[in-house]
Structures are given as structure tokens and as C-alpha cells.
Amino acid sequence: MYTMNVRRLITILLLLVPSVMPEGPLDFISSTAVCQTEMETPKKPRPQRKDQSHFILKMNYYTPNLKLKDNFTTDLNMGKIAGVASHSSLGFGLYIPLGQYFFLQPEALFSLVTDWEAASYEGSVVKEFGYGFKHRYGTAMDVPLLLGVKWAPSKMFRAKAFLGPTFNLGWIQKDFQSKFNPYTLTLGAGLDLLNFIDVDMGYQVLMDGMSYARHSQWFVSVGIIM
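Residues numbered from 1 in each chain as written. Predicted model: local features only at pLDDT ≥ 70, side-chain atom pairs only at ≥ 80, totals over all residues. Heavy atoms only, no water.

A. Expanded view of the packing of aromatic side chains. Per the counting criterion, the structure on display carries 10 aromatic pairs. On the basis of an interplanar angle of 65 degrees and a centroid distance of 6.4 Å, the ring pair of F55 and F92 is categorised as edge-to-face. Of this pair, F55 sits in strand 1 (residues 54-63) while F92 sits in strand 2 (residues 88-98); the two residues are 37 residues apart in sequence, bridging distant segments of the chain. Judged by relative accessible area, which is 44%, F55 ranks as partly exposed. A relative accessible area of 40% means that F92 is categorised as partly exposed. Judged by centre distance (5.2 Å) and plane angle (50 degrees), the ring pair of W171 and F176 falls under tilted. For W171, a relative accessible area of 34% gives the class partly exposed. A network of ring pairs unites the aromatic residues F167, F180 and Y183 as a single cluster. A cation sits over an aromatic face here: R136 above F133, 4.0 Å from the ring centre. (Phe/Tyr/Trp six-rings, centres within 6.5 Å; stacked < 30°, edge-to-face > 60°. Helix = DSSP H or I, 4+ residues; strand = E, 2+ residues; numbered from the N terminus. Buried < 20%, exposed > 50% of the residue type's maximum accessible area, 1.4 Å probe, protein only. Lys NZ or Arg CZ within 6 Å of the ring centre and 35° of its normal.)

So this is what it looks like as C-alpha cells:
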């Protein structure tokens, strides 16, 4: 009697199991194994966005101290553009990534060697710059060779710090000046915003070999990433 009841119970269970299993017992076992495999398999991390080389069109403004607002206002009061131009340079840089954390950035920055004080009396931006360009007697060219470290926690911005020599070259009365000593030691930090705007601030010291030549200045740089 007991044996008959056990057999009936087993028979009922065998009849009920297929009705609760999706498309049969084998499919149920297979789907369960797949779910377990997906849960146990770790997801691969997303590949990081590869850093690429690019040009930067930039302008540097130089100031003898950190009173940036006062010095900039004084330059504006000198003329529409002459005062600012006398302490500025315009040029470009080439950003070259070196692995995940380092970069190299050579630059070429140009400024006119002219009488900006006389140009300031011309009364308009175009006339002042035109006077300075027409009466120039030279063109200064600064060539920074900067080595830096970078940190890019998101696509929105990249922080950086840099250090390197800046060689002061140029043309005076059509003669090319190519002395590489003394040179300027440049160090600073900055941000690349939205992969479009480049903002830097730094400090420059005139060097004679490995000796400090007792001349220094600060600079602020704004650039457009090309």
C-alpha cells in the first residue's frame, strides 16, 4: 500500500514538471545555466579614449607679478591694444601624447619688437597695431620645449603640469639671433576644457646655464585646440 502511494506521487510530479518548465526540461536547465554563466562572467572594462596629437593656437600674456588685473588694466590704459601687445605673444603649440600620463609640447610664439608706446597714440586697435607692425625693427620668437604630466578623469577636461626650457630667438634688423644661452626655464599648470579651450598659467625664470639670472615673470595663456 505504501509502495503504491509513492509510485502515484512520483507519477503526478513527473506530469506536473513539464507544465512549469519553459519548452521542456532541457530548455529550462539550459536557460538556468546561461543565466548563471552571465552572472559569473565579469564584464570587460570599457576601453579608454585614445589621446591624440593636436595643434593649439595660443596667446600668452606676461606680467611681472601676480597682480594680473592691475597690470592688465595699466596696459589697456596705455592704448587700445598697444599696451597689451607689448607684453604678449601669439603662436601655436603641438601637443604630443607620450603614453597614458605624459606629453611633449613644443611651441613657437611670436611678438613684434617695436615702439608700442608711440603706437598707443594712434587711437584705435587697427591703427595702433598697424603702426607697430609698420615701424617694427625685429620679431621675437620664443620656442618652449615642454615636458608634462596629464590627468584626464573625464572627457570634459584634462589637467596638466609642465616644465621645460624656452629658447629666446628672433630677427633684429633682419639678422637672425640664435643664441641658446641664456635661456628661460618655464614651468606651469593648466586645463584643457571640452577638448576645445586650453588655459595655462606659469612662471618663467631666466637661466644662464644652471645658474639663476635674477629675472622672472608670470604668464597666462589661452588657446584654441585645433
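What follows picks up the thread again.
B. Spatial organisation of the nonpolar core. Among the nonpolar cores identified, the biggest contains 9 residues, and these are I56, Y62, Y95, F103, L109, L146, F162, F219 and I225. Counting only elements with at least two residues in this core, the list comes to strand 1, strand 3 (102-113) and strand 9 (211-225). For F219, the residues in contact, after removing those within four places along its chain, are N60, Y61, Y62, F162, T186, L187, D200, M201, G202, Y203 and Q204. Among the nonpolar cores identified, the runner-up in size contains 7 residues, and V143, F167, Y183 and V205 belong to it. (Core = buried A, V, L, I, M, F, W, Y, C linked by side-chain atoms within 4.5 Å. Contact = heavy atoms within 4.5 Å.)

C. Expanded view of unusual backbone geometry. With omega at 5 degrees, the peptide bond leading from N181 into P182 counts as cis. Positive phi, normally seen in glycine, also occurs at N195, with a value near 55 degrees. Relative to the helices and strands, N195 resides in the loop between strand 7 (183-193) and strand 8 (197-208). According to the relative accessible area criterion, N195 is partly exposed, its value standing at 44%.

D. A look at the pairing of strand 1. Among the 10 residues of strand 1, 7 are classified as buried, and the element is accordingly described as predominantly covered. Note that strand 1 and strand 2 share 8 bridges and pair antiparallel. Residue pairing for strand 2: N60 is matched across the bridge by S89. With 8 bridges connecting them, strand 1 and strand 9 associate as antiparallel partners. The partner of Y62 across the bridge, within strand 9, is F219. (Pairing = 2+ DSSP bridges.)

E. Spatial organisation of the side chain of Q105. Relative to the helices and strands, Q105 is located in strand 3. A polar contact of 2.7 Å, which involves the side chain of Q105, links it to the side chain of E107. Excluding anything up to four places from it in sequence, Q105 contacts I56, K58, L94, Y95, P144, L145, L146 and K160. (Polar contact = N/O pair within 3.5 Å; in protein donor to acceptor, adjacent residues only side chain to side chain.)

F. Examining the pattern of salt bridges more closely. Following the criterion strictly, the structure yields 8 salt bridges and no others. Measuring nitrogen to oxygen at the nearest pair gives 2.8 Å for the salt bridge that ties K58 to E107. Residue K58 is located in strand 1, and its partner E107 is located in strand 3; the two are separated by 49 residues in the primary sequence. For the residue pair K58 and E107, the accessibility class agrees, reading buried in each case. Here D192 ties to R158 by a salt bridge, and the two come within 2.9 Å at their closest N and O atoms. (Salt bridge = Lys/Arg side-chain N within 4 Å of Asp/Glu carboxyl O.)

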